[in-house]
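This is what each chain is made of:
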Amino acid sequence: ENAGFTTGKPWMPVNPNYTEINAEAALADPNSTFYYYQKLIALRKSLDVFRDGSFTLLCPEDEKIFAYTRDTEKGHLLVVCNFSAVAQEGYAVGAPVKGRYREVLCSDAAEFGGAGGKRPASVAAKEKPLHKQPYSLTLDLPPLSALYYAVPKAGEDAPEEESAPVKKPAAR
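Per chain, the residues get numbers from 1 upward, laid out in the order the sequence is written. Totals for whole chains, interfaces and linings use every residue, but because this is a predicted model, local features are given only for residues with pLDDT of at least 70 and side-chain atom pairs only at 80 or more, for both listing and counting. Each side-chain value is worked out from all heavy atoms of the structure, with water and hydrogens disregarded.

Student: How do you make sense of the pattern of salt bridges when you look at a structure like this?
Tutor: Between Lys or Arg on one side and Asp or Glu on the other, a salt bridge is scored when a side-chain nitrogen of the former is within 4 Å of a carboxyl oxygen of the latter. Within this structure, the stated rule accounts for four salt bridges. One salt bridge in this structure joins D48 and R51, with 2.7 Å as the shortest N-O distance. Classification of R51 as partly exposed rests on a relative accessible area of 40%. A salt bridge links R51 to D52, with the nearest nitrogen and oxygen atoms 4.0 Å apart. For D52, a relative accessible area of 49% puts it in the partly exposed group. Overlapping salt bridges bring together D48, R51 and D52 as one network. Exposure classes here rest on a 1.4 Å probe applied to the protein chains alone. A residue is buried below 20% of its type maximum, exposed above 50%, and partly exposed in between.

This is the structure:
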């Protein structure tokens, strides 16, 4: 009933495709949106900067890329979203601090149903100001993707090796 989302009266009609797209199917598919959002929620809980940080938009003139930082005294987060159906290779984006930026989540990972291409675990910031930031990164952005980078604290660097597969949170 109601595609498994509620036993009450839904506020809008259930889509006719509910037999294919429903809560039970999402829980059975380890690559579903449910598990992607579960990972995002876990990331938000583990990084205070998600909820406490100030917001800085990095490239407002770009219609394909939405990039921003969240900043606190204790840490930074860089988020880069490619809303284009075309990969953006060698995309330069401003960065607030020097160091290696560790990728903490990529929506294009195989575990979320993406292409799952090989990606570096971290990217080094260059001393080249961009987007009103003192440093910049050069990134390869998969099409229709969101990438999240933990920004290093002073004196801390992220690893240079290739990223390892991220474990999915257990279903409840």
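Further notes follow.
Student: How do you make sense of the packing of aromatic side chains when you look at a structure like this?
Tutor: Both the distance between ring centres and the angle between the ring planes are used here to describe each pair of aromatic rings. Here a Phe, Tyr or Trp ring, Trp counted by its six-membered ring, pairs with any other such ring whose centre lies within 6.5 Å, and the pair is stacked when the planes are under 30 degrees apart, edge-to-face when over 60, and tilted otherwise. Scanning the model with the defined rule gives six aromatic pairs in all. Consider the rings of F34 and Y35, whose centres lie 5.0 Å apart with planes at 85°: the pair is edge-to-face. In this structure F34 comes out as partly exposed when scored by relative accessible area, which is 36%. The exposure class of Y35 is buried, given its relative accessible area of 5%. Consider the rings of Y36 and F112, whose centres lie 4.9 Å apart with planes at 80°: the pair is edge-to-face.

Student: Can you walk me through the sheet that holds strand β6 (residues 122-124) in this structure?
Tutor: Pairing between the strands of a sheet comes from backbone hydrogen bonds, and it takes one of two forms, parallel or antiparallel. We treat two strands as partners when DSSP finds at least two bridges between them. Here a helix means four or more residues in a row that DSSP labels H or I, a strand means two or more in a row labelled E, and each is numbered from the N terminus. Taking strand neighbours across the sheet as the criterion, the six strands line up as β1-β2-β3-β8-β5-β6 in an open arrangement whose pairing is antiparallel. Among the strands making up the open sheet, the edge pair consists of β1 (54-57) and β6. The mean inter-strand angle of the sheet, taken between neighbouring strand axes irrespective of direction, is 25°. Where β1 and strand β2 (residues 65-71) come together, four bridges link them in antiparallel fashion. Looking at β2, one finds that T56 is bridged to T69. Any pair of residues with heavy atoms lying within 4.5 Å of one another is described as a contacting pair. An axis is simply a line fitted to the C-alpha atoms; with a helix, the fit covers only the stretch in contact. Between two such axes, the angle follows the N-to-C directions and lies from 0 to 180 degrees. Sitting on the sheet, helix α2 (residues 33-46) touches β5 (100-106) and β8 (145-151), and the angle it makes with β5 is about 140°.

Student: Honestly, the pairing of strand β7 (residues 135-141) in this entry has me stumped. Any pointers?
Tutor: Looking along a regular strand, one sees side chains alternate from face to face of the sheet. Most of β7 is tucked away: five of the seven residues are buried. One ladder, built from six bridges, connects strand β4 (residues 88-95) with β7; its direction is antiparallel. Across the sheet, V93 pairs through a bridge with L137, a residue of β7.

Worth remembering: the numbers are spatial, not functional.
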